[in-house]
Amino acid sequence: MGEILRNAMKKHIPVARADELRPGQRKLVFIDGKSVVLFNIEGTIHAIENSCPHNGASLASGKLEGNVLQCPAHGLRFDLAKPCEPGGKSLCLHRFPVRTIGDSVTLLVDAAGTP
Ligand code: FES
């Protein structure tokens, strides 16, 4: 399936008001049964599935230092500002594309609610 067709089948789901997620804040939301954590790091909003790729622990309460989130279960660290390298050695977070539309923070998901 082509990239244009894949994007045409996706939709933006509002998950927060832009003014409720200020720099340094985080928010846990649920989309079609999936738990997603939003982080505002210095004005950039990141959205990840609330499940550590190591063993599934919740990342919502993970310690954040700069862009680096530490899993509370076993301490693995993930840089939210760096994309995961396909085929790389490190575990990859499941990320959701985020966009602010008007005064809403939205996640780009497909018709089934997955990124
Ligand atoms: S479950 Fe996150 S580091 Fe093990």
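The structure this text deals with has already been given above.
Residue positions are given per chain, counted from 1 along the sequence in the order it is written. In keeping with the predicted nature of the model, local features appear solely for residues at pLDDT of at least 70, side-chain atom pairs appear and are counted solely at 80 or more, and the whole-chain, interface and lining totals rest on all residues.

Visitor: I would appreciate a short explanation of the overall build of the protein in the present structure.
Guide: Each helix and strand counted, the protein has 1 helix and 10 strands in total. In this text, helices come from DSSP runs of H or I with a minimum length of four residues, and strands from runs of E with a minimum of two, each type numbered from the N-terminal end. When its helices and strands are written in sequence order, the protein yields α-β-β-β-β-β-β-β-β-β-β.

Visitor: Got a minute to help me understand the sheet that holds strand S2 (residues 26-31) in this structure?
Guide: Adjacent strands of a sheet pair through backbone hydrogen bonds, lying either parallel or antiparallel. A pair of strands is labelled paired if DSSP reports no fewer than 2 bridges between them. Pairing is antiparallel in the open sheet, where 4 strands are placed in the order S2-S3-S4-S8. The sheet terminates laterally at S2 and strand S8 (95-96), the two strands that pair on one side only. Strand direction decides the pairing type here: strand S4 (residues 44-49) and S8, joined by 2 bridges, are antiparallel. Within S8, the position partnered with Ile-48 by the bridge is Arg-95.

Visitor: Would you take a moment to explain the nonpolar core for this structure?
Guide: The nonpolar side chains of a soluble globular protein tend to be buried, and buried together. The term nonpolar core means buried Ala, Val, Leu, Ile, Met, Phe, Trp, Tyr and Cys residues held together as one set by C-beta atoms within 7 Å. With C-beta atoms placed from the backbone, the exposure class of a residue follows from how many other C-beta atoms lie within 10 Å of its own: 20 or more, buried; 12 or fewer, exposed; in between, partly exposed. Counting 20 residues, the largest nonpolar core has Val-36, Leu-38, Ala-47 and Leu-107 as the members making the most contacts within it. Among the elements that line this core, the one with the most residues is strand S3 (residues 34-41), at 4 residues. Excluding residues within four positions of it along the chain, Val-36 makes contact with Val-29, Ile-31, Ala-47, Ile-48, Glu-49, Asn-50, Phe-96 and Leu-107. By definition, residue pairs are in contact when their C-beta atoms, positioned from the backbone, come within 7 Å.

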